[in-house]
Amino acid sequence: METNNSVSKLFILLSIGLLVNALLVHTLVSYDKKAILINGKRRILISGSIHYPRSTPQMWEDLIQKAKDGGLDVIDTYVFWNIHEPSPGNYNFEGRYDLVRFIKAVQKQGLYVHLRIGPYICAEWNFGGFPVWLKYVPGISFRTDNEPFKAAMRGFTQKIVEMMKRENLFESQGGPIILSQIENEYGPEGKVFGAAGEAYINWAASMAVELDTGVPWVMCKEEDAPDPVINTCNGFYCDGFAPNKPYKPTLWTEAWSGWFTEFGGPLNHRPVEDLAFAVARFIQKGGSFFNYYMYHGGTNFGRTAGGPFITTSYDYDAPIDEYGLIREPKYGHLTELHRAIKQCEQALVSSDPTITILGSSQQAYVFSTENGNCAAFLSNSDSKSAARVMFNNLHYDLPPWSMSILPDCRSVVFNTAIVGTQTSGNQMLPTNSELLSWETYDEDISSLEDNPTTTAVGLLEQINITRDSSDYLWYITSVDIGPSPSLLRGGQKPTLTVQSRGHALHVFINGQLSGSVYGTREAMRCRFTGPANLNAGMNRIALLSIAVGLPNNGIHFETWETGILGPVLLRGLDTGNRDLSWQKWTYKVGLKGEAMNLVSATGISSVEWVKGALFAQPQKPLTWYKAYFDVPNGDEPLALDMRSMGKGQVWINGESIGRYWTAYAAGSCGLCSYSGTYRPPKCQLGCGEPTQRWYHVPRSWLKPTQNLLVIFEEVGGDASKISLVRRITGKTI
Ligand SMILES: *[C@@H]1O[C@H](CO)[C@@H](O)[C@H](O)[C@H]1NC(C)=O
């Protein structure tokens, strides 16, 4: 009897369990004109971008916890095709690339996920997220009505969706993913491509929808997003945005919390008062989902930075800094904003606002429901003057360019311009760890021709040869100027001119560095012109052309060319000018040190390192350095201070920290001239300073002792001054 009773109780419990389970499984995420609906309920959703490969798995839990504490409901990430499929059909989802682990880490903390599959993602990421091999698929043309491209795009999108389904990660399966994105900012491109663009975007939408994820798809910056795909806004401000159909909700997929940096450019800063006002206005006007791009920007490790010229740091002036530390007042002020918005959630999702004019630049938006909910947003869009307004028979003072939030239509719980949070002043401090046992190795360039990658008459495009296996490509040729240099016209040295499509170029004549030139992100081309130190007889010209990240956006960026374009001219010889462009050139991909894997503990033993050369003056170009260090005390995030160096790459225990380029200082930039108008704020810092001085060293890459640091320096620097620093939060209570 007793047993039977238990069994039937168990049976009832099981049945309820199955029923609940069945209900959950069949819940779809949907939308209407007001909002995204989860479990049939309209929601105001606050989201932030955290890109899994831009931090380490050891950092993820803490970043997501901080996002949750900051009032976020959703974590947004792109999916990065080129790291997952380095060669066709070979997949990598390990370590930082473990997408499933990242999504499960978000789920564990009870947050949702917006999965922006793309697979074109832009993202200041190498080649916009496309694998470089994709460019060499016969007949391919990116992001248009092109069969090879569409087949590849469908293949990867399907692969990711199936992977998510297998792990039950869509909300429709009880998982955290509530939204997915197909394509990315296609609108401007689509207009240029005309009918082909339209056919492509229609195809992309139905391809995605047919994958049957049970959650809505969005397209950002694509006003022609076909139903049922929702078009969404990206920008500094999105309160003027409306979706393309009245039955779609108003979503903001990228609220720019700051901006990225490029080598040679300034640091960009967006004041939190302006960001908070932008978000509050978006909500005031009926927006129901916004996502900070970025909430944590992180680091472009290895050669993942796009651009060209995007820095290794992708800090973005985000609420959580590159190192995972909270940045105040941005983080705290936004947290308070989120709390205020959430207090208004019921009123916001259940009613349309009544708008009252309070003054020439002052308005009240009131959301009130039949069951007595009332929330009010009082705005002052005058960027210069404060205003005193009368609302519901009470006086309210509104600072310039600000919004007050009144969750009960009476008391102000938050004003976007009144920042109560203290500035944190995160900073770098020394560590107790010394870099020891320095040794150097000269990259040998005397025998580049011995084992060439290829030879050709004329100048070849760089990426076609390197396939991006290295940043570096040597172009080598010889020129015989006859018996005596005294024959040079007028006793003047001849001039060498080299025209490059980008991105950086070092010119070596007879083994000596004659000079370097660099492009910029906006103008990638660069031209070297300088005196040529030629000897009588045969001279060797070796041009080291360097890619600094492949372009991540622009019309058909897959066709953009990199490397020496020509002409390569010698002027002022007594025999006149010589065009070297069409003579025989020898090509060598990569550095010798790369081929010998000098970055790793096993590879370093393959060459003779030299002790004591560190302090030689002048410092030589093309030099490898190595040193060892013990892990510093404490648990603060770590970085290398590379200020004394020039340009190159750095590795720790075989892992690439990324490209460094401290010799490229920020040129023209003004101080913060933020004007509070509907323009991107121009707050630029760090003029005359290296754009990026510090390079993140993840603690999880270190062992207690004998950590191997390897540096490749292109132009010359003082390695003895490199130091390991720790990042601390300077917040004082
Ligand atoms: C790449 O190089 C090959 C071999 O030299 C050549 O046939 C081809 O046209 C090149 N492709 C591009 C896109 O430059």
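Residues numbered from 1 in each chain as written. Predicted model: local features only at pLDDT ≥ 70, side-chain atom pairs only at ≥ 80, totals over all residues. Heavy atoms only, no water.

Trainee: Explain the overall build of the protein chain to me, please; I cannot follow it from the model alone.
Mentor: Regarding its fold elements, the protein chain presents eleven helices and 40 strands. For 733 residues, the compact-globule formula gives about 27 Å, and the C-alpha radius of gyration of the protein chain, at 29 Å, lands near that figure. The buried share of the protein chain, taken over its 733 residues, is 59%. Counting only contacts in the protein chain whose residues sit at least 6 apart along the sequence, the fraction spanning at least 24 positions is 74%. For the protein chain, the exposed area adds up to about 28,600 Å²; of that, 53% sits on carbon and sulfur atoms. Seen as two clouds, the 64 positive and the 70 negative side-chain charges of the protein chain have centres 2 Å apart. (Helix = DSSP H or I, 4+ residues; strand = E, 2+ residues; numbered from the N terminus. Rg over C-alpha atoms; globule rule 2.2 N^0.38 Å. Buried < 20%, exposed > 50% of the residue type's maximum accessible area, 1.4 Å probe, protein only. Contact = heavy atoms within 4.5 Å. Areas by Shrake-Rupley, 256 points an atom, 1.4 Å probe, with all protein chains shown as cover. Lys, Arg positive; Asp, Glu negative; His and termini not counted. Charge placed at Lys NZ, Arg CZ, Asp CG, Glu CD.)

Trainee: Quick question: what am I supposed to make of the sheet that holds strand β10 (residues 251-256) here?
Mentor: Across a sheet, strands are paired by hydrogen bonds formed along the backbone, either parallel or antiparallel in direction. Taking strand neighbours around the barrel as the criterion, the eight strands line up as β4-β5-β6-β7-β8-β9-β10-β12 in a closed arrangement whose pairing is parallel. Across this sheet, the average inter-strand angle for adjacent strands is 30 degrees, counted without regard to direction. Set on the sheet, helix α6 (residues 187-210) makes contact with β7 (177-182) and β8 (217-220); between it and β8 the angle comes to about 150 degrees. Helix α8 (residues 330-343) contacts β4 (45-50) and β12 (289-296) of the sheet and is inclined by roughly 165 degrees relative to β12. (Pairing = 2+ DSSP bridges. Axes fitted to C-alpha atoms, helices over the stretch in contact; angles between N-to-C directions.)

Trainee: Looking at this model, I keep getting lost on helix α4 (residues 99-108). Mind explaining?
Mentor: Since there are 3.6 residues in each turn of an α-helix, residues three or four apart along the chain are aligned in direction. Those residues of α4 not exposed but buried are Leu99, Val100, Phe102, Ile103, Ala105 and Val106. Residues of α4 that are buried in the fold lie against β4, α2 (57-69), β5 (74-78), β6 (112-118), α5 (147-166) and β7. A positive backbone phi angle near 80 degrees is found at Gly110, which sits one or two residues after α4.

Trainee: I would appreciate a short explanation of the state of the cysteines in the present structure.
Mentor: Each disulfide consists of a covalent bond between the sulfur atoms of two cysteine residues. The tally for this structure, following the rule as stated, stands at two disulfides. Note on cysteine connectivity: Cys374 is disulfide-linked to Cys409, with sulfurs 2.0 Å apart. Between Cys374 and Cys409 the sulfur-sulfur dihedral comes to about -80 degrees; the bridge is accordingly left-handed. Of the two residues, Cys374 sits in strand β15 (residues 374-380) while Cys409 sits in the loop between β18 (402-406) and β19 (414-415), which places them 35 residues apart along the sequence. Distance from the sulfur of Cys220, which forms no disulfide, to the nearest cysteine sulfur (Cys122) is 9.3 Å. Among the residues examined, Cys220 registers a relative accessible area of 1% and is labelled buried. (Disulfide = S-S within 2.5 Å.)

Trainee: Help me out: how do you make sense of the environment of Ala347 in this one?
Mentor: Relative to the helices and strands, Ala347 resides in helix α9 (residues 345-350). Of the residues examined, Ala347 reaches a relative accessible area of 3% and is grouped as buried. The residues contacting Ala347, other than those within four sequence positions of it, are Phe367, Thr369, Asn373, Cys374 and Ala375.

Trainee: Help me understand the sheet that holds strand β38 (residues 694-697), please; the structure alone is not making it clear to me.
Mentor: Taken in spatial order, the four strands make up an open sheet running β20-β40-β34-β38, and their pairing is antiparallel. The sheet is open, and its two borders are formed by β20 (427-430) and β38, each paired with just one other strand. Taken pair by pair, the neighbouring strands of this sheet meet at an average axis angle of 40 degrees, ignoring direction. Bridge count for β20 against strand β40 (residues 723-728) is four bridges, and the pairing is antiparallel. Residue pairing in the sheet places Leu429 in a bridge with Arg726 of β40.

Trainee: What exactly am I supposed to notice about the pattern of salt bridges here?
Mentor: Note on pairing: side chains with opposite charge can pair once their charged atoms come close. Using the criterion set out here, one finds 38 salt bridges in the structure. The shortest N-O distance in the salt bridge between Lys592 and Asp444 comes to 3.5 Å. Residue Lys592 is located in helix α11 (residues 592-595), and its partner Asp444 is located in the loop between β21 (436-442) and β22 (454-457); the two are separated by 148 residues in the primary sequence. By sharing partners, the salt bridges in this structure join Arg303, Asp468, Asp471 and Arg659 into a single network. (Salt bridge = Lys/Arg side-chain N within 4 Å of Asp/Glu carboxyl O.)

Trainee: Teacher, can you tell me more about the side chain of Lys588 here?
Mentor: With respect to the helices, strands and loops of the structure, Lys588 is situated in strand β31 (residues 584-589). The buried charged residue Lys588 lacks any salt bridge, with Glu443 as its nearest oppositely charged partner at 8.8 Å. One polar contact links the side chain of Lys588 to the main-chain carbonyl oxygen of Asn451, over a distance of 2.7 Å. If sequence neighbours within four positions are ignored, Lys588 has contacts with Leu448, Asn451, Pro452, Thr453, Tyr472, Leu473 and Trp474. (Polar contact = N/O pair within 3.5 Å; in protein donor to acceptor, adjacent residues only side chain to side chain.)

Trainee: Quick question: what am I supposed to make of unusual backbone geometry here?
Mentor: Among all residues except glycine, the phi angle is most often negative; among peptide bonds, the trans geometry is most common. Residue Gly118 is joined to Pro119 through a cis peptide bond whose omega torsion reads -5 degrees. With respect to the secondary-structure elements, Pro119 resides in the loop between β6 and α5. A cis amide bond links Tyr293 to the next residue, Met294, at an omega of 0 degrees. The topology assignment puts Met294 in strand β12. Phi is positive for Cys122, which is not a glycine, with a value near 60 degrees. Relative to the assigned elements, Cys122 resides in the loop between β6 and α5. Within the chain, Asp468 stands out as a residue other than glycine whose phi angle is a positive 60 degrees. For Asp468, the location among the structural elements is in the loop between α10 (462-466) and β23 (472-480).

Trainee: Would you take a moment to explain the nonpolar core for this structure?
Mentor: When a protein is soluble and globular, its nonpolar side chains tend to lie buried together. With 129 residues, the main nonpolar core has Leu115, Met164, Tyr292 and Leu337 as its most contacted residues. In terms of residue count, helix α7 (residues 272-284) provides more of this core than any other element does, nine residues in total. Val697, Val710, Phe712 and Leu724 belong to the second largest nonpolar core, which has 53 residues in total. (Core = buried A, V, L, I, M, F, W, Y, C linked by side-chain atoms within 4.5 Å.)

Trainee: Looking at this model, I keep getting lost on the pairing of β40. Mind explaining?
Mentor: Where strand β34 (residues 638-641) meets β40, four bridges bridge the pair, whose relative direction is antiparallel. Residue pairing for β40: Leu640 is matched across the bridge by Leu724.

Trainee: Teacher, can you tell me more about the side chain of Ser644 here?
Mentor: Locating Ser644 in the fold gives a position in the loop between β34 and β35 (647-652). For Ser644, the side chain forms a polar contact with the main-chain oxygen of Asp718, separated by 2.6 Å.

Trainee: I keep staring at α5 and nothing clicks. Help me out?
Mentor: Between its terminal C-alpha atoms α5 stretches 28 Å, which fits the 28 Å expected from 20 residues at 1.5 Å a residue. Within α5 the residues assigned to the buried category are Phe149, Lys150, Ala152, Met153, Phe156, Thr157, Ile160, Val161, Met163 and Met164. Looking at the packing, one finds that the buried side of α5 touches α3 (81-84), α4, β6, β7, α6 and β8. For α5, the capping residue at the N-terminal end is Asn146, with a side-chain oxygen 2.9 Å from the backbone nitrogen of Phe149. (Expected span 1.5 Å × (residues − 1).)

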